[in-house]
Amino acid sequence: MPETDTDYEIVIIGAGPAGMTAGIYAARARMKVLLLEKAAPGGQVIITDWVENYPGFPEGISGYDLAEKMLTQAKTLGLEIESEEVSSMTLTPKVKTLQLGERTITTKSLIIASGASPRKLNVGEEKFMGKGVSFCATCDAPFFKEKTVVAVGGGDTAIQEAIYLTKFVNKVYLVHRRDELRATKILQERAFKNKKIEFVWDSVVTGMDGFFGVENVHVKNVKTQESRTIKADGCFVWIGITPNTGFLDKSIELDQWGFIVADQYMATSVPGVFAAGDVRNTPLRQIATAVGDAAIASVSAEHFIENIG
Ligand SMILES: Cc1cc2nc3c(=O)[nH]c(=O)nc-3n(C[C@H](O)[C@H](O)[C@H](O)COP(=O)(O)OP(=O)(O)OC[C@H]3O[C@@H](n4cnc5c(N)ncnc54)[C@H](O)[C@@H]3O)c2cc1C
């Protein structure tokens, strides 16, 4: 095959809001484009109970419904989507080769929209996965009906999801390592008013135990060094995210936290490779910023292809 004769003009990795938006733009531009997704399309949005800060939905919309609408829009515009995981890649300025299981595909340009995954506590919670430890209230809250749970974190996601948990559980102990929340004020107001939430300030989770599942969550106050045990049936963790970059070629520059470094055109250190959404070095990781990045990345990829001829 000649060096520039590739299977696709644009391949997009990840069908979260960024990937689907990039796909919508590329499909409308009549590019030869493929979107690859290793799990269910929607990314982190499908584990979000309710979204009320994405414009166009004055009453808010469930994460699941928003993801469905994005997917329907992309498919209606003729976007080709495949259920495949990209395991590795080889990049040259003109041809990008992606490994998908046993198969390889080539493309002129690549948009990486592989997003991020919840950060772990690393206090031995692995053995309680599916037995009390969860990163997704939307998925697991109904299993904790009228029970007591610990929630960990102090940002928007932690507060929003803790409030959602209170629709099911009797009590949420919200463990946060500082003495104030980072979450948006409107969410803080709702959390402080909610009688089912008790705040455990200046504290971190140090471990958990239980016979069949979580029974006790151990926390330590970082100011006084005092330890205490909270009797709880579950522990929901929202302490940030880590980027999904394990499959990337080493030539793509990452920042000190492992996020892809991209400029205002979403261009990475490799010509023809663009990044969008939560996986890149951005000051805000939200649906609105992911779709904005993706629109730019898609148009930048088109321009790149025009320029290489
Ligand atoms: C619980 C929760 C609540 C939230 N609430 C809100 C909110 O109310 N408002 C808001 O604006 N934002 C919210 N967010 C943040 C928002 O969901 C993210 O900013 C947004 O989803 C980022 O989109 P993305 O497309 O960049 O990445 P993601 O949504 O992470 O999607 C990335 C996709 O890439 C796929 N992928 C990864 N690696 C590969 C691979 N190697 N091969 C193929 N596919 C791959 C993943 O499976 C995933 O589907 C919330 C997040 C969480 C977790």
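The rules behind each value
Residues numbered from 1 in each chain as written. Predicted model: local features only at pLDDT ≥ 70, side-chain atom pairs only at ≥ 80, totals over all residues. Heavy atoms only, no water. UniProt positions renumbered as here; feature names shortened; annotations may be inferred. Pairing = 2+ DSSP bridges. Helix = DSSP H or I, 4+ residues; strand = E, 2+ residues; numbered from the N terminus. Axes fitted to C-alpha atoms, helices over the stretch in contact; angles between N-to-C directions. 1 Å grid on protein atoms, 1.4 Å probe; cavity = no way out; pocket = protein on both sides within 12 Å on 5 of 7 lines; lining within 4 Å. Points joined across faces, edges and corners; volume = space filled by probe spheres on them. Nonpolar A, V, L, I, M, F, W, Y, C, P; charged D, E, K, R; others polar. Domains from an automatic or database assignment. Contact = heavy atoms within 4.5 Å. Buried area = accessible area lost by both parts, 1.4 Å probe. Salt bridge = Lys/Arg side-chain N within 4 Å of Asp/Glu carboxyl O. Polar contact = N/O pair within 3.5 Å; in protein donor to acceptor, adjacent residues only side chain to side chain. Expected span 1.5 Å × (residues − 1). Buried < 20%, exposed > 50% of the residue type's maximum accessible area, 1.4 Å probe, protein only.

In the annotation of an unreviewed UniProt entry, the protein chain is listed under the name Thioredoxin reductase and assigned to Desulforapulum autotrophicum. Among the UniProt annotations of the protein chain, the heading Cofactor (unreviewed entry) holds the following wording: "FAD". In its Sequence similarities (unreviewed entry) section, the UniProt entry covering the protein chain states "Belongs to the class-II pyridine nucleotide-disulfide oxidoreductase family."

Colleague: Would you explain the sheet that holds strand β14 (residues 203-209) in this entry?
Modeller: Strand pairing in a sheet relies on backbone hydrogen bonds. The paired strands run either parallel or antiparallel. As summarised here, the arrangement of the three strands in space is β14-β15-β16, forming an open sheet in which the pairing is antiparallel. Looking at the sheet topology across the chains shown, the edges are occupied by β14 and β16 (227-231). The sheet shows a mean angle of 30 degrees between the axes of neighbouring strands, direction not considered. When β14 meets strand β15 (residues 216-221), the two strands line up antiparallel, connected through six bridges. Each residue of the ladder has a partner; that of Gly207, found in β15, is His218.

Colleague: How do you make sense of the layout of surface pockets when you look at a structure like this?
Modeller: Rolled over the atoms, a probe as big as a water molecule pinpoints where empty space is left. If you add up the space inside the second largest pocket, you get close to 170 Å³. For the second largest pocket, the full set of lining residues is Thr21, Ile24, Tyr25, Tyr54, Phe57, Leu66, Lys69, Met70, Gln73 and Val291. Of all the secondary structure elements, the ones that give two or more residues to the lining of the second largest pocket are α1 (17-28) and α2 (63-76). Of the residues forming the lining of the second largest pocket, the biggest block, four residues, is contributed by α2. Looking at the lining of the second largest pocket, its residues break down into seven nonpolar, two polar and one charged.

Colleague: How do you make sense of the domain arrangement of the protein chain when you look at a structure like this?
Modeller: Accessible area lost during the coming together of the parts is what is often quoted as the interface size. Each assigned domain of the protein chain is listed with its residue range as follows: domain 1 (8-117 + 241-307) and domain 2 (120-237). Every contact between the two is made by five residues of domain 1 and, on the other side, nine residues of domain 2. For the pair domain 1 and domain 2, the summed buried area comes to about 540 Å², and 42% of that belongs to carbon and sulfur atoms. On the domain 1 side of the interface with domain 2, the three residues burying the most area are Ile47, Asp49 and Glu52, jointly 76% of the side's total. One salt bridge in this structure joins Glu52 and Arg190, with 2.9 Å as the shortest N-O distance. The interface formed by domain 1 and domain 2 contains four residue pairs in polar contact (both at pLDDT 80 or more). Grouping the amino acids of the side of domain 1 that touches domain 2 by side-chain chemistry returns two nonpolar, one polar and two charged.

Colleague: Teacher, can you tell me more about the pairing of β16 here?
Modeller: Consecutive side chains along a regular strand alternate between the two faces of the sheet. Relative to β16, β15 is paired through five bridges, and the arrangement is antiparallel. Note on β16: the bridge partner recorded for Val217 is Ile230. Remark: five residues form the turn of the hairpin made by β15 and β16, two consecutive strands paired antiparallel; Gln225 in that turn has positive phi of roughly 65 degrees.

Colleague: For this particular structure, what's the right way to read α1?
Modeller: Owing to its 3.6 residues per turn, the α-helix brings residues three or four apart onto one side. With twelve residues, α1 should reach 16 Å at 1.5 Å per residue; the first-to-last C-alpha distance of 17 Å fits that figure. Of all twelve residues that make up α1, ten are buried, and the element is covered over most of its length. Of all the positions in α1, only Pro17, Ala18, Gly19, Met20, Thr21, Ala22, Gly23, Ile24, Ala26 and Ala27 are classed as buried. For α1, the elements touching its buried residues are β1 (8-13), β2 (33-37), α2, β8 (103-112) and α6 (287-308). Two residues or fewer past α1, Arg30 is found with a positive phi of approximately 60 degrees.

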